[in-house]
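Architecture at a glance
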Amino acid sequence: MRVYNFSAGPSMLPESVLKKAQAEFLDFEGSGMSVIEMSHRGKVFDGIAKKCEALFREIMGISDDYHVLFLQGGASQQFDAVPLNLMKTGKADYVVTGNFSGKAAKEGARYGDAKIIASSKDANFTYIPELKYEDFRTDADYVHITSNNTIFGTRYLDFPKTPTPLVCDMSSEILSREIDVNKFGLIYAGAQKNIAPAGLTIVIVRKDLAESSTPNCPTMLKYSTQANAESMYNTPPCFPIYMAMLVLEWIKSLGGVKEIQKINEYKAGLLYNFIDNSSYFKNSVRIKDRSIMNVPFVTPSEESDALFIKEAVQNGLVSLKGHRLVGGMRASIYNAMPVEGVKKLIEFMKAFELKNK
Ligand SMILES: Cc1ncc(COP(=O)(O)O)c(C=O)c1O
């Protein structure tokens, strides 16, 4: 029996996608081979990679001004790749809204003057700081933000206007809501939440920013290396690219990101509404800044949190344990989490509250 998996990542993929991958696993479209067996330089895989990129561009509305790169190394490698490519004058602004943005800023500081221009650490990252254009340095190389904070359950409703290119870690919300890519210099995301299995990292980078890099940037981390080789400088993560293609086809079949966003807002609305009307469960994030992908919540005690997590598993609701930095519970409700999964979670929460209040 398949469970409802609320893991923050790797996380659920659409069942229809898994079934399609299963059906064509041994023999992909009459090639007599599995996708995981074929050369990345062959015609068949080339078709997959090209289709994946075309779908990605279509679904996110990415213009020809940008490269779309299929890389490895995770979002964490981009914490280094970004400064190594873009920090040409040695200065960058960082906004710290959680664990991952803090890590990005820390890596940035290895290469130059990475200034934390705003942080929400003062309130345990339960909000997104208000940012004005004047807050940013005009002579920096870029501004780095994390659009959705996976652990703390916050997200930027709107993005700041910045005097320098906006670089965004979009790992835990890419493809979940409509985004105007033109507002960004660079977007990166680990695939293992909304796109594909772990192993693929997507980088969308404005072409002019990818032309050169800092002198110490390793060949493998240069955006120009992979852009010039159409992401095939070395062996790419073939299977996750193929899975991403299937997920993108699934998104398209549902009506694109516009429709997915409606479903996501509906799912998150159900859950927040229940929590806000409960005197037992609580979410501490400033309402305006609440993520529609990751919903942290607690009961009145750590003991009942532990009991909740244990009993949830017995009810087919798994991976609800909150991150160790926050404790309590976290429901990650990415694109592939069906509405029924969220409804089942709410029913379970209702029953748990009645029994334990
Ligand atoms: C917002 C965000 N950034 C970065 C990471 C790290 O990603 P990776 O494990 O792909 O390096 C994560 C992982 O959960 C994340 O949620």
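Look up: the structure comes first, before these words.
Overview of the structure. Worth saying up front: this structure is predicted, and the values here are computed from it rather than measured.

**A short note on the site of the ligand**
Around the ligand sit Ala8, Gly9, Gly74, Ala75, Ser76, Phe100, Thr146, Thr150, Asp169, Ser171, Ser172 and Gly190, and those are all the residues in its vicinity. Considering every element that reaches the shell around the ligand, the biggest residue donor is helix H3 (residues 74–86), with three residues. Its residues assigned to classes, the shell around the ligand shows three nonpolar, eight polar and one charged.

**Focus on the environment of Asp46**
Residue position: Asp46 is located in helix H2 (residues 43–60). Of the residues examined, Asp46 has 15 C-beta atoms within 10 Å and is grouped as partly exposed. C-alpha separation for the pair Asp46 and Ser101, spaced 55 residues apart in sequence, amounts to 34 Å.

**Quick word on helix H7 (residues 256–276)**
Taking 1.5 Å per residue, 21 residues should reach 30 Å; H7 reaches 30 Å between its end C-alpha atoms and fits that length. Among all positions in H7, only Val257, Ile260, Asn264, Lys267, Ala268 and Leu271 are buried. Viewed along the axis of H7, the buried residues span an arc of 95 degrees, placing them on a single side of the element. Away from the buried face of H7 by more than 90 degrees, exposed residues Lys258, Tyr266, Gly269, Asn273 and Asp276 are located. Residues of H7 that are buried make contact with H2, helix H6 (238–253), strand S11 (294–297), strand S13 (329–332) and helix H9 (339–356).

**Description of the sheet that holds strand S8 (residues 166–169)**
In spatial order, the strands read S2-S10-S9-S8-S5-S3-S4; together these seven strands make up an open sheet with mixed pairing. Each edge of the open sheet is held by one strand with a lone partner, namely strand S2 (66–71) and strand S4 (113–119). Across the sheet, the mean angle separating the axes of adjacent strands is 20 degrees when strand polarity is ignored. One ladder, built from six bridges, connects strand S3 (residues 91–96) with S4; its direction is parallel. Bridged to Lys91 within S4 is Asp113.

Rules behind the numbers
Residues numbered from 1 in each chain as written. Predicted model: local features only at pLDDT ≥ 70, side-chain atom pairs only at ≥ 80, totals over all residues. Near = placed C-beta within 6 Å. Helix = DSSP H or I, 4+ residues; strand = E, 2+ residues; numbered from the N terminus. Nonpolar A, V, L, I, M, F, W, Y, C, P; charged D, E, K, R; others polar. Buried ≥ 20, exposed ≤ 12 C-beta atoms within 10 Å, placed from the backbone. Expected span 1.5 Å × (residues − 1). Arc of directions from axis to C-beta. Contact = placed C-beta atoms within 7 Å. Pairing = 2+ DSSP bridges. Axes fitted to C-alpha atoms, helices over the stretch in contact; angles between N-to-C directions.

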